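# Structural characterization, general
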Amino acid sequence: MLRFSYGPALGASAVAVALAVSGAQEPNTTLSPFVGFLPSGNPETMTGLAIAFIRGPIALRADGHISMRESGAANRATAATMRPWGADADALAYLDGLTYGERVTFTPYVFTGVGTSAVDSGATRFTQHGWSFGSGLSLPLGSALGVFGEWRWRMSRLVLPTASNAPTPMSEARFGLSFRVGGSRSEGPVIHGDGNDALGSVASVIGKILSTADEVVGTRYYRGGDSPSSGFDAAGFVRYVFGQLGVVLPRTSRNQARVGDKVRADWHVIAPGDLVLFKDDEGIHHVAIYVGKNRIVHSSQTGGGVRYDDLNTERGRWFMDHLVAARRVTPDMRGLLLDLARAFAGEDNDPDEPDSAPRASSRRRR
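Throughout, a residue's number is its position along its own chain's written sequence, starting from 1. Given that the model is predicted, a residue must reach a pLDDT of at least 70 before its local features are reported, and side-chain atom pairs must reach 80 or more before they are shown or counted; all residues, however, enter totals for whole chains, interfaces and linings. The side-chain figures draw on all heavy atoms in the structure; neither hydrogens nor water molecules are used.

## Observations concerning the sheet that holds strand S15 (residues 283-292)
By way of backbone hydrogen bonds, the strands of a sheet pair with one another, either parallel or antiparallel. Whether two strands pair comes down to DSSP finding at least two bridges between them. A run of H or I in DSSP becomes a helix once it reaches four residues, and a run of E becomes a strand once it reaches two; helices and strands are each numbered from the N terminus. If you trace the six strands from one edge of the open sheet to the other, you get S13-S18-S14-S15-S16-S17, paired in antiparallel fashion. The open sheet has two free edges, formed respectively by strand S13 (261-263) and strand S17 (305-310), since each of these has just one partner strand. Ignoring which end each strand starts from, the neighbouring axes of this sheet average 35° apart. Examined bridge by bridge, strand S16 (residues 295-300) and S17 share six bridges and lie antiparallel to one another. Residue pairing in the sheet places His298 in a bridge with Arg307 of S17. In the packing of helix H3 (residues 234-243) onto the sheet, contacts are made with strand S14 (275-280), S15, S16 and S17, and the angle to S15 comes to roughly 45°. Fitting a line to C-alpha atoms yields each axis, with helices limited to the stretch in contact; the angle taken between N-to-C directions then spans 0 to 180 degrees. Here a residue-residue contact requires only that any non-hydrogen atoms of the pair lie within 4.5 Å.

## Description of the nonpolar core
As used here, the term nonpolar core means buried Ala, Val, Leu, Ile, Met, Phe, Trp, Tyr and Cys residues forming a set that is joined through side-chain atoms within 4.5 Å. For each residue, the accessible area found with a 1.4 Å probe, counting protein chains only, is set against the maximum for its type, and the residue is called buried under 20%, exposed over 50%, and partly exposed in between. Within the largest apolar cluster, 31 residues are counted, with the highest numbers of intra-cluster contacts made by Phe237, Phe242, Ile289 and Val297. The element contributing the most residues to this core is H3, with six residues. Trp267, Val269, Tyr290 and Met320 belong to the second-largest nonpolar core, a separate cluster that totals 17 residues.

## Considerations on the confidence of the model for the chain
Confidence of the predictor at the level of single residues is captured by pLDDT, which takes values from 0 to 100. Per-residue confidence for the chain gives a mean pLDDT of 77, with 70% of residues at or over 70. Every residue in residues 73-79 is under pLDDT 50, and counting partners more than four places away or in other chains gives seven contacts. The low-confidence segment residues 184-200 (pLDDT under 50) makes 56 contacts with residues lying over four places distant or belonging to another chain.

## So, H3
When you tally the buried positions in H3, you get seven out of 10 residues, the bulk of the element. Among all positions in H3, only Ala234, Ala235, Gly236, Phe237, Val238, Val241 and Phe242 are buried.

## Looking at the packing of aromatic side chains
Working definition: rings of Phe, Tyr and Trp (its six-membered ring) pair if their centres are within 6.5 Å, and the pair is stacked with planes under 30 degrees apart, edge-to-face with planes over 60 apart, and tilted otherwise. With the rule as written, the count across this model stands at 10 aromatic pairs. Note on Phe37 and Phe175: the rings are 6.3 Å apart at their centroids and 55° apart in plane angle, and the pair reads as tilted. With a gap of 138 residues between them, Phe37 in strand S2 (residues 28-37) and Phe175 in strand S10 (residues 170-183) connect regions that are remote in the sequence. What makes Phe175 partly exposed here is its relative accessible area of 47%. Between Tyr94 and Tyr109 the ring centres are 5.6 Å apart and the planes differ by 55°, which places this aromatic pair in the tilted class. Of this pair, Tyr94 sits in strand S5 (residues 83-94) while Tyr109 is found in strand S7 (residues 103-120), placing the two residues 15 residues apart along the sequence. Like Tyr109, Tyr94 is buried. The ring centre of Tyr94 lies 4.5 Å from the NZ or CZ of Arg264, which sits over that ring. Two conditions define a charge sitting above a ring: the NZ of Lys or the CZ of Arg must be within 6 Å of the ring centre, and it must be within 35 degrees of the ring normal.

Below is the structure:
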């Protein structure tokens, strides 16, 4: 069943909150070649290149574009043809994912910005300034590549669309690729609390999560296991680690995918301490803890037990490609009560199936 999850309402307050949440994250840089089509107005196909600086759910983007062919007949006085071109500067806000079943397939976003466009005819240049707004969908194809499509409504003057003298917006469709060329993943998640959490600061919380996980690295894999003595499966390991901090999680990865705060399933924004969940044809069945620096720690049947896996390896590529969800657990009473309502009401105790990643040659302890 197709279901939609909507992000926060747009406006100054929402942007301020998003910037505050993303302040602990390093920006990422993407380059995006694209083609644009103007169903109304100039019928010529446009091609261009955009550069975006992404920090959490917010991005700033600039682009330049030009018609792929000359527009109109040759100018008789100058024997030059007209080639439309333009540039835009936009602010984007990424929303929660559009999902199909349990698999995140697209990330919707909205944007607004200002732009300029021109038509050169040799001796004369006709310029026009205005603003635009629109929405789009992006589809990640890996850690550094994605595709996107968006629809823009372009105002030829700096007036509101509802103004009495406002021109009719000109629509524009864009399709392109996105390549991550710079930046790093976040190293500091935002974990909500009331200021009096027994777990202390964010850094302390993360440190306790990762040190607890490290203490049981090397424990054997056992389907249905949730203790160092019996062994762990993937969900049992995560449940044990957070349980040592007083946080009670559901027993299966399917239900762990419903607790805490949703994080965009994008390796660019996932932070140390976040739960990362993976899916194959049978649905969500595996969970790990993101450590930082392209590593996860988890209990893996194909890895021989609790181990670290480097996402840059051939084996790690499987986990990068099968990521479908990420959660940031809230270790306070507010978060635990929400988790009880969202997950435990529908809890099932059937153990997760083993992961189907390429088998590791040896255990990776560090």
